[in-house]
Amino acid sequence: MDHHPTYRSVDVDGFDIFYREAGDPAKPTILLLHGFPSSSHMFRELIPLLADHFHLVAPDLPGFGRSAFPAQGSFHYSFETIAHKIERFTEIIGLQRFAIYIFDYGAPTGLRMALSHPERITAIISQNGNAYDDGFGTVWEPIQRYWRDPSRANREALRGELGTEGIRQQYVHGVPDPSLISPDGWTLDACYTQRPGIDDIMLDLFRDYRTNAALYPDFQRYFRDHKPPLLAIWGKNDPIFVPAGALAFKRDLPDAQVHLLDTGHFALETHAVEIATRITTFLSA
């Protein structure tokens, strides 16, 4: 393989997972895990920057991008099932040991996989991928209200996060110069998110995120027990997962590298080159 990604789908126990792949499979592998409301498209600039040095695999999570999104009644959408499908995906395509790049929803996905098979994880790159209560910004308050009281009113109050403007704000908030943000990313995310039936899947996952917060002590114990090399590189102006979440890694992993960038949640939109350079240096150490 070369710098140019390939685009494939694979059957994962009857469930179709779309993924991008680039680089030489003989080189160290990085599994790139996207978040809400995105897809593997968010790695479109990072993958070519890393393909000389690494084997890159970026799947679309179930319900996102071009992976399958069966109706609610025929598939249970939870972070547990998402992590299980992605774990099985790695097994089916033959990944044995790999680093994980975790962003947003990719964090509980990858860290659940690490709990299940710690021997498979060689390192962690967390880009605004949270594992501590410290990392929750105030924008989580209506979601946390929904955790405590899953009423129709509290559910409907979150629906605006699925609209085009709500998605655009995730890209531009905290970016000093929003003109640097291509509209392609948030426009594509909005297109995928607004497909029939996806709205209720996403609202179900907002509710289920509480199960990730409940696992934070287990994730932190995993850090202490297994001491994975960890690079936290975050957009410091992110209102969703705030910088305190990045700094918190050092409580359990004193050798963790933490770098804060002057940008927002989708840091790759403005800092792909710097992030690629940091990753290359970190994984080559």
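The model shown is predicted, which means the values in this text are computed figures rather than measured ones. Position numbers for residues count from 1 along each chain, tracking the sequence in the order it is written. Note on the predicted model: pLDDT of at least 70 is required for a residue's local features to be given, and 80 or more for side-chain atom pairs to be given and counted; whole-chain, interface and lining totals, by contrast, use all residues. Based on all heavy atoms of the structure, the side-chain values leave hydrogens and waters out of the count.

(A) Geometry of the nonpolar core. Buried Ala, Val, Leu, Ile, Met, Phe, Trp, Tyr and Cys residues that are joined via side-chain atoms within 4.5 Å together make up what is termed a nonpolar core. Accessibility here uses a 1.4 Å probe with only protein chains present; expressed as a share of the type maximum, an area under 20% marks a residue as buried, one over 50% as exposed, and anything in between as partly exposed. Of all hydrophobic cores here, the largest spans 60 residues; its most connected members are Leu31, Tyr105, Ile124, Leu205, Tyr209, Phe223 and Phe249. Top element by residues in this core is helix H8 (residues 198-226). It accounts for 13 residues. Any two residues whose heavy atoms approach within 4.5 Å are treated as being in contact. Setting aside residues up to four positions removed in sequence, Ile124 forms contacts with Ile100, Ile102, Leu111, Tyr222, Phe223, Pro228, Pro229, Leu230, Leu231 and Phe282. Formed by 35 residues, the second largest nonpolar core is a distinct cluster that contains Leu32, Ala51, Leu268 and Ile279. Comment: elements are numbered from the N terminus, with helices defined as DSSP H or I runs of at least four residues and strands as E runs of at least two.

(B) Structural view of the environment of Thr280. Along the polypeptide, Thr280 turns up in helix H11 (residues 268-284). Each C-alpha atom of the pair Thr280 and Arg152 lies 46 Å from the other, and the pair is 128 residues apart in sequence. Not counting chain neighbours up to four residues away, the residues in contact with Thr280 comprise Leu50, His53 and Phe54. Each polar contact in these results corresponds to two N or O atoms within 3.5 Å; when the atoms are within protein, one needs to be able to donate a hydrogen and the other to accept it, and residues that are neighboring in sequence are counted only if both atoms are side-chain atoms. A distance of 2.9 Å separates a polar atom in the side chain of Thr280 from the backbone oxygen of Ala276.

(C) Here's a closer look at the sheet that holds strand S1 (residues 6-12). Overall, mixed pairing links the eight strands, which are arranged S1-S2-S4-S3-S5-S6-S7-S8 in an open sheet. Each edge of the sheet is formed by a strand with only one pairing partner; in this case those strands are S1 and strand S8 (257-261). Averaged over all pairs of adjacent strands, the angle between their axes in this sheet comes to 25 degrees, without regard to strand direction. Paired strands are those between which DSSP finds at least two bridges. The pairing of strand S3 (residues 29-33) with strand S5 (residues 98-102) spans four bridges and is parallel. Each bridged residue has a counterpart across the sheet, and for Leu31 the counterpart in S5 is Ile100. Axis definition: a line fitted to C-alpha atoms, limited for helices to the stretch in contact. Angles are taken between N-to-C directions and run from 0 to 180 degrees. Sheet strands in contact with helix H2 (residues 79-92) are S1, strand S2 (15-22), S3, strand S4 (55-59) and S5, and its direction is about 110 degrees off that of S1.

(D) Broad picture of helix H7 (residues 183-193). All buried positions along H7 are accounted for by Gly185, Trp186, Asp189, Ala190, Tyr192 and Thr193. Buried positions in H7, seen along its axis, are confined to an arc of 165 degrees and lie on one side of it. Where the residues of H7 are buried, they touch helix H6 (164-172) and H8. Along the arc lie the directions from the helix axis toward the C-beta atoms.

(E) Seen up close, unusual backbone geometry. Between Phe36 and Pro37 the backbone carries a cis peptide bond, its omega angle lying at -5 degrees. Within the element layout of this structure, Pro37 appears in the loop between S3 and helix H1 (46-50). One non-glycine residue, Asp13, adopts positive backbone phi at about 55 degrees. Of note, Asp13 is situated in the loop between S1 and S2.

Everything listed here is a matter of geometry and, on its own, says nothing about what the molecule does.
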